[in-house]
Amino acid sequence: MTARWAAPGRVNLIGEHVDYQDGLVLPFALPQHTTATVERQSGDQVRVRSRGEQEEFQVASTPGQVQGWAAYVAGVVWSLREEGADVPGLSIDVDSDVPVGAGLSSSAAIECAVAAAIGDELALQLSAASLATIARRAENSYVGVPTGSMDQMASMLCERGHALLLDCRDLSTRQVPFDLDAASLTLLVINTRAEHSLVGSEYADRRHDCEAAADELGLSSLRDAEQADLPRISDPVHRRRAQHVVSEIARVREVASILDAGRPADIGAQLSASHQSLRDDFEVSCDELDEAVDAALVAGALGARMTGGGFGGCAIALARDDEATDVRRRVDAAFDRRGWQPADIFEVSPNRGAHRLD
Ligand code: GLA
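Residues numbered from 1 in each chain as written. Predicted model: local features only at pLDDT ≥ 70, side-chain atom pairs only at ≥ 80, totals over all residues. Heavy atoms only, no water.

Colleague: Quick question: what am I supposed to make of the sheet that holds strand β8 (residues 172–177) here?
Modeller: Whenever strands of a sheet pair, they do so through backbone hydrogen bonds, lying parallel or antiparallel. Pairing is antiparallel across the open sheet formed by 3 strands, whose spatial order is β2-β7-β8. Each end of this open sheet is capped by a strand with a single partner; those strands are β2 (24–25) and β8. Sheet topology places strand β7 (residues 162–167) next to β8; 6 bridges connect them, and they run antiparallel. Along β8, the bridge assignment pairs D167 with S172. Lying on the sheet, helix α4 (residues 150–157) is in contact with β2, β7 and β8; it crosses β7 at an angle near 135°. (Pairing = 2+ DSSP bridges. Helix = DSSP H or I, 4+ residues; strand = E, 2+ residues; numbered from the N terminus. Contact = heavy atoms within 4.5 Å. Axes fitted to C-alpha atoms, helices over the stretch in contact; angles between N-to-C directions.)

Colleague: Even after reading the chapter, I still don't get the nonpolar core, so can you show me in this structure?
Modeller: Soluble, globular proteins show a tendency: their nonpolar side chains are buried together. With 120 residues, the main nonpolar core has L13, L26, I92 and I118 as its most contacted residues. Those residues in contact with I92 that lie beyond four places of it in its chain are T37, V38, V46, R47, V48, R49, V73, V114 and I118. (Core = buried A, V, L, I, M, F, W, Y, C linked by side-chain atoms within 4.5 Å. Buried < 20%, exposed > 50% of the residue type's maximum accessible area, 1.4 Å probe, protein only.)

Colleague: What's the story with the domain arrangement of the protein in this structure? I'm lost.
Modeller: Accessible area lost during the coming together of the parts is what is often quoted as the interface size. For the protein, the assigned domains read domain 1 (2–177) and domain 2 (185–348). One C-alpha centre belongs to domain 1, the other to domain 2, and the line joining them spans 25 Å. Contact with domain 1, which involves 35 residues of that partner, is made by 42 residues of domain 2. Both faces considered, domain 1 and domain 2 share a buried interface measuring about 3000 Å² in area, 63% of it formed by carbon and sulfur atoms. (Domains from an automatic or database assignment. Buried area = accessible area lost by both parts, 1.4 Å probe.)

Colleague: Looking at this model, I keep getting lost on the side chain of R223. Mind explaining?
Modeller: Here R223 is to be found in the loop between α5 (199–216) and α6 (236–260). Among the polar contacts listed, one links the side chain of R223 to the backbone oxygen of D22, at a separation of 2.7 Å. In this structure R223 touches Q21, D22, G23, L24, D167, R169, I249 and R253, once residues within four positions along its chain are discounted. (Polar contact = N/O pair within 3.5 Å; in protein donor to acceptor, adjacent residues only side chain to side chain.)

Colleague: Is there a simple way to think about the pattern of salt bridges in this case?
Modeller: It is possible for side chains of opposite charge to pair when their charged atoms get near one another. All told, the structure shown has 22 salt bridges when counted by the stated rule. Between R10 and D151 there is a salt bridge, with its nearest N and O atoms 2.9 Å apart. Taken as a pair, R10 in strand β1 (residues 2–12) and D151 in helix α4 lie far apart in primary sequence, 141 residues in all. Exposure class is identical for R10 and D151. Each is buried. Here D358 and R356 are joined by a salt bridge, their closest N and O atoms 2.9 Å apart. (Salt bridge = Lys/Arg side-chain N within 4 Å of Asp/Glu carboxyl O.)

Colleague: Looking at this structure, I do not really get the packing of aromatic side chains. What am I missing?
Modeller: Within a pair of aromatic rings, the relevant descriptors are the distance that separates the centres and the angle that separates the planes. One pass over the structure, following the stated rule, counts 4 aromatic pairs. Aromatic pair F28 and F178: ring centres 5.8 Å apart, planes at 55°, arrangement tilted. One end of the pair, F28, is in strand β3 (residues 27–40); the other, F178, is in the loop between β8 and β9 (185–195), and 150 residues separate them in sequence. In terms of burial, F28 and F178 fall into one category: buried. Each ring, one from F335 and one from W340, has its centre 5.0 Å from the other, and the planes form 80°; the classification is edge-to-face. Geometry around F282 places R241 over its ring, the cationic atom sitting 6.0 Å from the centre. (Phe/Tyr/Trp six-rings, centres within 6.5 Å; stacked < 30°, edge-to-face > 60°. Lys NZ or Arg CZ within 6 Å of the ring centre and 35° of its normal.)

Colleague: How should I be thinking about the site of the ligand in this particular structure?
Modeller: Looking at the ligand, the residues that line it are R10, E16, H17, D19, Y20, T147, G148, M150, D151, Y203, G308 and G309. Between the ligand and E16, the relevant distance is 2.6 Å, taken from an oxygen atom to a side-chain nitrogen or oxygen of the residue. Contact between the ligand and Y203: an oxygen atom at 2.6 Å from a side-chain N or O atom of the residue. Put simply, the ligand lies in the largest pocket. (Near = heavy atom within 4 Å. 1 Å grid on protein atoms, 1.4 Å probe; cavity = no way out; pocket = protein on both sides within 12 Å on 5 of 7 lines; lining within 4 Å. Sits in = over half its atoms within 2 Å of the grid points.)

What follows is the structure, given as structure tokens:
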């Protein structure tokens, strides 16, 4: 028997850098996805193939033993075993069209596709949320990136035509309607293709800043902080980080309620405010992202913001259908003026999360 699954990358509509502070996030699934085909094989080795490359490792590998792209697969096998699963030798084929290193969760897509396909092949009866937790543990403890819970939950649980309102404190979810077509709206992903070094350490630094701010307030996370608490944070940098988290969680609530009311064209101001907060208070933007956002807004976009971890990667812009071409043109012209390589700009709409392929 073989099991074949697809799991998508994601775009975060709003709720940035709040998942690791027990916050609320609102991602949706991309059409771009990873597929994983899994088959048992004899022995105690896992053989992984992807686009002509092949790697092999022990079923019982432990963190640190497998590096590079195969670490995402080895991490999932390790994480399933941590969960108590008895994993035999496996042959795994993966393929993906999710842009890598662009902040669109290509790593969550591979982890989730592999976790779901192995779970299916071995009839482990794991829920989508458990698979997401297993995939996230692979990322955090095997690959070694201290991310929050958003990406894997989005890849597993998103539904077509909806954004996923995820409460990162208890992992409860609600599907929020986000039908762009019906509202004659276009959502553009602007991949700046900018990659900055130090991304990993900057991410960890932001987490520490937030933890220090929460500690000073006597809270387990900034989820419970309120605007009125912020002046009590003595370090001005920590205070600004907390200001972002508190205001961003409020913006997620606001966007979810506007979408619930069926008014997607009205979320633009919140998207743009999120960008300003990430740029000024959280300091995770960069010139390319700021330029993409500014150019989109000048061209008449309803709202625009960086998405994902920041320091490069992608921005999103929400525009009326008849203004989307102008947005593209303005961004292209701005990048050209700066002498940067052209951004890769594409239209997306909320797609389905992980699913079995027959
Ligand atoms: C990365 C992480 C997520 C989240 C975002 C920022 O994508 O993987 O867990 O923290 O950054 O919102």
